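Inside the fold
Chain by chain, the residues run as shown.
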2 protein chains.
Amino acid sequence: MSLSDESQIHSLDRAVQLTPTGEGEYLGATTDLYWNVIGPFGGATAATLLQAVLRHPKRLGAPVSLTVNFAGPVAKGAFTVRARAVRTNRSTQHWYVEQLQANAQGQFEVQTTATVVTGARRGDFNVVENTLPQAPAPEDVPLTQIPRGPNWFACYELRAVKGAPPRQWNGSDAGDSLNQMWLRDAPSRPLDYLSLTATADFFYPRIWRRRATQVPVGTVTMTTYFHADEAALTAAGDDYLFAQARGQAFFKGFFDHSAQLWSRQGALLATSHQIFYFKE
Amino acid sequence: MSLSDESQIHSLDRAVQLTPTGEGEYLGATTDLYWNVIGPFGGATAATLLQAVLRHPKRLGAPVSLTVNFAGPVAKGAFTVRARAVRTNRSTQHWYVEQLQANAQGQFEVQTTATVVTGARRGDFNVVENTLPQAPAPEDVPLTQIPRGPNWFACYELRAVKGAPPRQWNGSDAGDSLNQMWLRDAPSRPLDYLSLTATADFFYPRIWRRRATQVPVGTVTMTTYFHADEAALTAAGDDYLFAQARGQAFFKGFFDHSAQLWSRQGALLATSHQIFYFKE
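Residues numbered from 1 in each chain as written. Chains lettered and ligands numbered in written order. Predicted model: local features only at pLDDT ≥ 70, side-chain atom pairs only at ≥ 80, totals over all residues. Heavy atoms only, no water.

Moving on: the overall build of chain A. In terms of helices and strands, chain A carries 5 helices and 13 strands. Principal axes of the C-alpha set define a box for chain A whose edges measure 50 × 50 × 45 Å. By the burial criterion, 58% of the 280 residues in chain A qualify as buried. Considering only intrachain contacts with a sequence separation of at least 6, the fraction spanning at least 24 residues in chain A is 69%. When the accessible surface of chain A is totalled, it reaches about 11,500 Å², and 50% of it is carbon and sulfur. Looking at chain A, you have 25 positive and 24 negative side-chain charges, and the mean spots of the two groups are 5 Å apart. (Helix = DSSP H or I, 4+ residues; strand = E, 2+ residues; numbered from the N terminus. Buried < 20%, exposed > 50% of the residue type's maximum accessible area, 1.4 Å probe, protein only. Contact = heavy atoms within 4.5 Å. Areas by Shrake-Rupley, 256 points an atom, 1.4 Å probe, with all protein chains shown as cover. Lys, Arg positive; Asp, Glu negative; His and termini not counted. Charge placed at Lys NZ, Arg CZ, Asp CG, Glu CD.)

Here we take up unusual backbone geometry. Residues and elements named next belong to chain A. The residue after Ala 186, namely Pro 187, is reached through a cis peptide bond having omega -5 degrees. In this structure, Ala 212 is a non-glycine residue whose phi angle is positive, near 45 degrees. In this model, Lys 252 sits at a positive phi of 45 degrees, which is unusual for a non-glycine residue. Counting through the fold element by element, Lys 252 comes out in the loop between strand E11 (241–251) and strand E12 (254–263).

This next bit is on the relation of the copies chain A and chain B. Screw-axis analysis of chain A against chain B gives a translation of 0.0 Å along the axis, an RMSD of 0.0 Å, and a rotation angle of 180 degrees. In short, the pair behaves as if placed about a two-fold rotation axis. A symmetric contact is evident, with 100% of the interface residues of chain A recurring at the interface of chain B. (Least-squares fit on C-alpha atoms with pLDDT ≥ 70 in both.)

So, on to the packing of aromatic side chains. For the structure shown, the criterion picks out 33 aromatic pairs over all chains. Between the aromatic rings of Phe 125 of chain A and Phe 278 of chain B, the centroid separation amounts to 5.9 Å while the plane-to-plane angle is 85 degrees, which identifies the pairing as edge-to-face. In this pair, Phe 125 of chain A sits in the loop between strand E6 (108–119) and strand E7 (126–128) while Phe 278 of chain B sits in strand E13 (residues 268–278), so the two residues belong to two different chains. On the accessibility criterion, Phe 125 of chain A (16% relative accessible area) is buried. By relative accessible area, Phe 278 of chain B is classed as buried at 5%. Taken together, a centroid distance of 6.0 Å and an interplanar angle of 50 degrees make the contact between Phe 242 of chain A and Trp 262 of chain A tilted. Of this pair, Phe 242 of chain A sits in strand E11 while Trp 262 of chain A is found in strand E12, placing the two residues 20 residues apart along the sequence. By the burial criterion, Phe 242 of chain A is buried, and Trp 262 of chain A matches it. One aromatic cluster is present, built from ring pairs that chain together Tyr 34, Phe 41, Trp 152, Phe 153, Tyr 156 and Phe 202 of chain A. Sitting over the face of the ring of Trp 35 of chain A, Lys 76 of chain A holds its NZ or CZ atom 4.4 Å from the ring centroid. Sitting over the ring of Phe 125 of chain B, Arg 211 of chain A keeps its end group 4.5 Å from the ring centre. (Phe/Tyr/Trp six-rings, centres within 6.5 Å; stacked < 30°, edge-to-face > 60°. Lys NZ or Arg CZ within 6 Å of the ring centre and 35° of its normal.)

Counting residues at the interface gives 69 residues for chain A, matched by 69 residues for chain B. Considering only the surface of chain A that becomes buried against chain B, Phe 125, Glu 129 and Gln 248 of chain A emerge as the three largest contributors, covering 15% of it. At the junction of chain A with chain B, the criterion picks out 10 salt bridges. Salt-bridge contacts for Arg 87 of chain B lead to Glu 109 of chain A; the nearest nitrogen and oxygen are separated by 3.6 Å. The interface formed by chain A and chain B includes 47 residue pairs in polar contact (both at pLDDT 80 or more). The leading source of residues in the side of chain A that touches chain B is E6 of chain A, at 7 residues. (Buried area = accessible area lost by both parts, 1.4 Å probe. Salt bridge = Lys/Arg side-chain N within 4 Å of Asp/Glu carboxyl O. Polar contact = N/O pair within 3.5 Å; in protein donor to acceptor, adjacent residues only side chain to side chain.)

The end-to-end C-alpha distance of helix H2 (residues 42–54) of chain A is 18 Å, a good match for the 18 Å that 13 residues give at a rise of 1.5 Å each. Here H2 of chain A lies mainly inside the structure; 13 of its 13 residues are buried. (Expected span 1.5 Å × (residues − 1).)

Now for the pairing of strand E12 (residues 254–263) of chain B. Residues and elements named next belong to chain B. Counting buried residues in E12 gives 10 out of 10 residues, a clear majority hidden from the surface. The alternating pattern of E12 places Phe 254, Asp 256, Ser 258, Gln 260 and Trp 262 and Phe 255, His 257, Ala 259, Leu 261 and Ser 263 on opposite faces, both of which are buried. The pairing of strand E11 (residues 241–251) with E12 spans 9 bridges and is antiparallel. Residue pairing for E12: Leu 241 is matched across the bridge by Ser 263. (Pairing = 2+ DSSP bridges.)

Take the pairing of strand E4 (residues 78–88) of chain B next. Residues and elements named next belong to chain B. When strand E2 (residues 25–29) meets E4, the two strands line up antiparallel, connected through 5 bridges. Paired with Gly 28 across the two strands is Phe 79, which belongs to E4. Once E4 ends, the chain turns through 3 residues before running back antiparallel as strand E5 (residues 92–102).

What follows concerns the side chain of Asp 256 of chain B. Its location among the elements puts Asp 256 of chain B in strand E12. Salt bridges are absent for the buried Asp 256 of chain B, whose nearest opposite-charge side chain, Arg 206 of chain B, sits at 9.3 Å. In this structure the side chain of Asp 256 of chain B is engaged in a polar contact, spanning 2.9 Å, whose partner is the side chain of Thr 271 of chain A. Among the polar contacts listed, one links the side chain of Asp 256 of chain B to the backbone nitrogen of Gln 248 of chain B, at a separation of 2.9 Å. Not counting the four nearest positions on each side in its chain, Asp 256 of chain B is found in contact with Tyr 225, His 227 and Thr 271 of chain A together with Arg 206, Gly 247, Gln 248, Ala 249, Gln 274 and Ile 275 of chain B.

In this section: the pattern of salt bridges. On inspection of all chains with the given rule, the structure shows 30 salt bridges over all chains. Salt-bridge contacts for Arg 246 of chain A lead to Glu 129 of chain B; the nearest nitrogen and oxygen are separated by 2.8 Å. Linking Arg 246 of chain A in strand E11 with Glu 129 of chain B in the loop between strand E7 (126–128) and strand E8 (156–162), this pair reaches from one chain into another. Residue Glu 129 of chain B is classed as buried on the basis of its relative accessible area, which comes to 11%. A network of salt bridges, in which partner residues are shared, links Glu 129 of chain A together with Asp 173, Arg 210 and Arg 246 of chain B.

As a further point, take the environment of Val 220 of chain A. Tracing the backbone shows Val 220 of chain A in strand E10 (residues 217–226). Separated by 134 residues in the primary sequence, Val 220 of chain A and Val 86 of chain A have C-alpha atoms spaced 23 Å apart.

In this structure, Arg 87 of chain A sits in strand E4 (residues 78–88). C-alpha of Arg 87 of chain A to C-alpha of Ser 177 of chain A: the two residues are 90 residues apart in sequence and 39 Å apart in space. Residue contacts for Arg 87 of chain A: discarding those within four places in its chain leaves Thr 92, Gln 93 and His 94 of chain A together with Ala 71, Gly 72, Pro 73, Glu 109, Val 110 and Gln 111 of chain B. At 3.2 Å, the side chain of Arg 87 of chain A and the backbone oxygen of Val 110 of chain B are in polar contact. Reaching out from Arg 87 of chain A, the side chain makes a polar contact with the side chain of Gln 111 of chain B at a distance of 2.6 Å.

Following this line, the structure appears as structure tokens:
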């Protein structure tokens, strides 16, 4: 494959690119490729805040958990990220991260916050209790053509297995919100914590399946737990992940989902949860 | 029931008691009743940090989500809690909270951090997709006698349904880590966000069921999503909650669990997740 200078860096790496401006302080910018409706794709924002910790000179260990709170819409253009180690223990480290942008009055506003735990992986006990669901291999599932939508859809290659968005927005209830697919970055890219983080935010809103109505929605907060070290990520390579999400409760303006991301070999690399707001 | 002056306040309310020392700054203290092994019961700490937001004069709306990061062991005695509204929107508000204590050198250290989202509940769409499991009524399940353990065990009344701790610590694998029970505060207490938060941390470590070995463990971070308004909490009253937790992945020193708390009537009041460290 011949690459122009411009495209020699993967679009995800460009989206999470941060230029240090001090210890734990960085400048970044939104990218068109990961643009969503009124801000960047939340998965790219989540990966960017994790990146601020990964690049911090005092960081110890690998990501164990990440909670991202989507406080305000990130505007097109530059942003500042500040990451601070709140507490460093022998085998875990706790981080607080903020993403800021100047508003129309020139005042800095917090658009996103995150807490991150990094830790040392020890021992070799490894049991997957929530196992990879029965599903046809990705090669046996047709590539899903996403007709049109926000830019960032093109950053993923998707083979829908179960629970695709309703074909008709007729207000009927699909009865459950289970969504399953094979999924990877497009173009494909070796898995790391950044792409795992972004991919965990891929799912369309579960309420659209329970209402067959495109009610306005947005993620309020998202938490991802990592069950992978470098060896597990390397083993997953640039192959498809099996991604699954299901809503648990829809209650007066907010609903949650619980999600899992497995490698083709059945390693449960990440478990992830979100709560969304929705308008009726 | 005749109450002495000392006991006229419920033990949970005493544990989460905060005295304001400034806007969003409070003094609190650990209590013996909720003491665990090397610090207070994490559920009481989680409820205390939520309380700092609930009591804040600028708080808008009710709890939607709470992430608590257990950064260091809280020592017996006084602590400071600081809660700050990072961003206030029309219908959601984002909070950052820290719990601090002076160390032996007199320096303040962060023991716990939290992010909280509060929000306005709107509309009446209400669907429970993860429904209350089939189980005998609490009246038909014998009261579980917890033989001995940390003080805080006595703060709960428990009727074990499935997945009790191993009777023999013989290193065998129970095959799954599903744990189900009817559970409420002891003495019983009308449900609110504080007791719901604390109760969501009740479960014993899932790895003890997969290994039948009391390996050292601790919660690293815990996230709870609330699917309840005041009316739903009032409807649950002081009755039992059906509490369920199950591990998804155990990987090299850390494991997660996913938990649900239903009212007897089947309202899924909270979904909750944790990741623990463990030593082999």
